[in-house]
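Examination of the molecular architecture
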Amino acid sequence: MPQRRRRKRVGTSTIDAQTADAPNVVWAVDFQFDVCEQGKAFKICSIVDEHTCECLGGLVERSITADRFIDHLEELIAQRGVPAVLRGDNGPEFIAHAVTDWAADRTALSYIPSGQPWHNGYVESFNARLRDECLNINSFYSLLHAQVVIGDWKHQYNHDRRHS
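Presented here is a report on the structure given in the accompanying data block.

The rules behind these values
- Residues numbered from 1 in each chain as written.
- Predicted model: local features only at pLDDT ≥ 70, side-chain atom pairs only at ≥ 80, totals over all residues.
- Heavy atoms only, no water.
- Core = buried A, V, L, I, M, F, W, Y, C linked by side-chain atoms within 4.5 Å.
- Buried < 20%, exposed > 50% of the residue type's maximum accessible area, 1.4 Å probe, protein only.
- Helix = DSSP H or I, 4+ residues; strand = E, 2+ residues; numbered from the N terminus.
- Expected span 1.5 Å × (residues − 1).
- Contact = heavy atoms within 4.5 Å.
- Pairing = 2+ DSSP bridges.
- Phe/Tyr/Trp six-rings, centres within 6.5 Å; stacked < 30°, edge-to-face > 60°.
- Lys NZ or Arg CZ within 6 Å of the ring centre and 35° of its normal.
- Axes fitted to C-alpha atoms, helices over the stretch in contact; angles between N-to-C directions.
- Parallel < 35°, antiparallel > 145°, perpendicular 65-115°, else oblique.
- Left-handed = near helix turned anticlockwise from the far one by under 90°.
- Nonpolar A, V, L, I, M, F, W, Y, C, P; charged D, E, K, R; others polar.

On to the nonpolar core. Ranked by internal contacts, the top residues of the largest apolar core, which has 22 residues, are Val29, Cys45, Ile47, Phe69 and Leu86. For this core, the secondary-structure elements that each account for two or more residues are strand E1 (26–35), strand E2 (41–49), strand E3 (54–61), helix H1 (66–80), helix H2 (97–103) and strand E5 (108–111). Of all the elements, H1 adds the most residues to this core, at six residues. In terms of nonpolar packing, the next biggest core, distinct from the first, is built from 19 residues, Cys36, Cys55, Val123 and Leu130 among them.

The next thing to look at is helix H4 (residues 143–159). Taking 1.5 Å of rise per residue, the 17 residues of H4 would be expected to cover 24 Å, and the 24 Å separating its terminal C-alpha atoms lies within 8% of that figure. For H4, the full list of buried residues reads Leu143, His145, Ala146, Val149, Ile150, Trp153, Lys154, Tyr157 and Asn158. Turning to H4, the residues buried within the fold contact E2, E3 and helix H3 (121–135).

Moving on, we get to the pairing of strand E4 (residues 85–88). Side chains Val85 and Arg87 of E4 all project onto a buried face; the interleaved residues Leu86 and Gly88 project onto the opposite face, where all are buried too. Pairing between E1 and E4: three bridges, direction parallel. Looking at E4, one finds that Ala28 is bridged to Arg87. As defined by bridge partners, E4 adjoins E5 across four bridges and the pair is classed as parallel. Within E5, the position partnered with Arg87 by the bridge is Ser110.

Further remarks concern the packing of aromatic side chains. Counting across every chain of the model gives five aromatic pairs. Relative to Phe140, the ring of Phe42 has its centre 5.7 Å away and its plane inclined at 80 degrees; by these criteria the two rings are edge-to-face. One end of the pair, Phe42, is in strand E2; the other, Phe140, is in the loop between H3 and H4, with 98 residues separating them in the sequence. Summarising the burial analysis for this pair, Phe42 and Phe140 share the class buried. An aromatic cluster of at least three residues, connected via ring pairs, comprises Phe126, Trp153 and Tyr157. The ring of Phe31 has Lys43 sitting right over it, with the charged end atom 5.3 Å from the ring centre.

Notably, Asn24 is not glycine yet its phi reads approximately 65 degrees, a positive angle. Within the secondary structure layout, Asn24 lies in the segment before E1. On the accessibility criterion, Asn24 (18% relative accessible area) is buried. Non-glycine residue Cys53 carries a positive phi angle of around 60 degrees. Within the secondary structure, Cys53 sits in the loop between E2 and E3. A relative accessible area of 14% means that Cys53 is categorised as buried.

Turning our attention to the environment of Cys134. Here Cys134 shows up in helix H3. For Cys134, a relative accessible area of 1% translates into the label buried. Separated by 19 residues in sequence, Cys134 and Trp153 have C-alpha atoms that sit 6.9 Å apart. When sequence neighbours within four positions are dropped, the list of residues in contact with Cys134 reads Arg129, Phe140, Val149, Ile150 and Trp153.

Turning to the packing of H3 against H4, a few remarks are in order. Where H3 meets H4, the axes come as close as 11 Å, and the angle between the chain directions of the two elements is 120 degrees. As the angle between them shows, H3 and H4 are arranged oblique. As for how H3 packs across H4, the hand of that crossing is right-handed. Across the interface between the two elements, Phe126, Arg129, Leu130, Glu133, Cys134 and Leu135 from H3 touch Val149, Ile150, Trp153, Lys154 and Tyr157 from H4. In the contact of H3 with H4, the residues fall into eight nonpolar, no polar and three charged.

Structural measurements only, silent on function.
Here it is, written out as structure tokens:
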């Protein structure tokens with residue numbers, strides 16, 4: 001008997017694609033995975049300001065739920081202010097009802113089309129650098145070790161590099 005394939009849920013943007021002409025206009029969000037030496041996976045959430053190319057924050061956790069993602073966004077907003085737009089792909093954390101409800105009265109959401117990561121190029125470029133310069137050359141023995149090493153790399157990325 002043929003198996004029915006689940007249809008993937010797609011987020012609905014609340015604003016058209018916007019260019020980042022000043023800081024805190026567009027924050028790009030993306031997620032990637034890595035594993036520690038025990039073979040346990042962990043997830044990395046990267047949030048990049050598209051105008052300044054600065055990594056604003058990021059979570060390194062075994063699992064990142066929509067509620068944990070919202071809590072992290074609240075921490076960043078308390079430090080930096082509210083962005084005009086959050087841009088991300090159609091990942092389950094980003095299209096969750098909790099995120100859309102949270103963003104309804106705070107900021108606009110812009111989803112990139114499925115299968116077209118070049119529409120979120122700033123954070124994809126950041127993730128490629130993170131992968132090449134940190135994740136591929138380090139072996140993490142625990143989640144805490146990964147959090148410290150990735151946090152140190154992000155600090156070095158923001159403060160010791162020139163951003164165009």
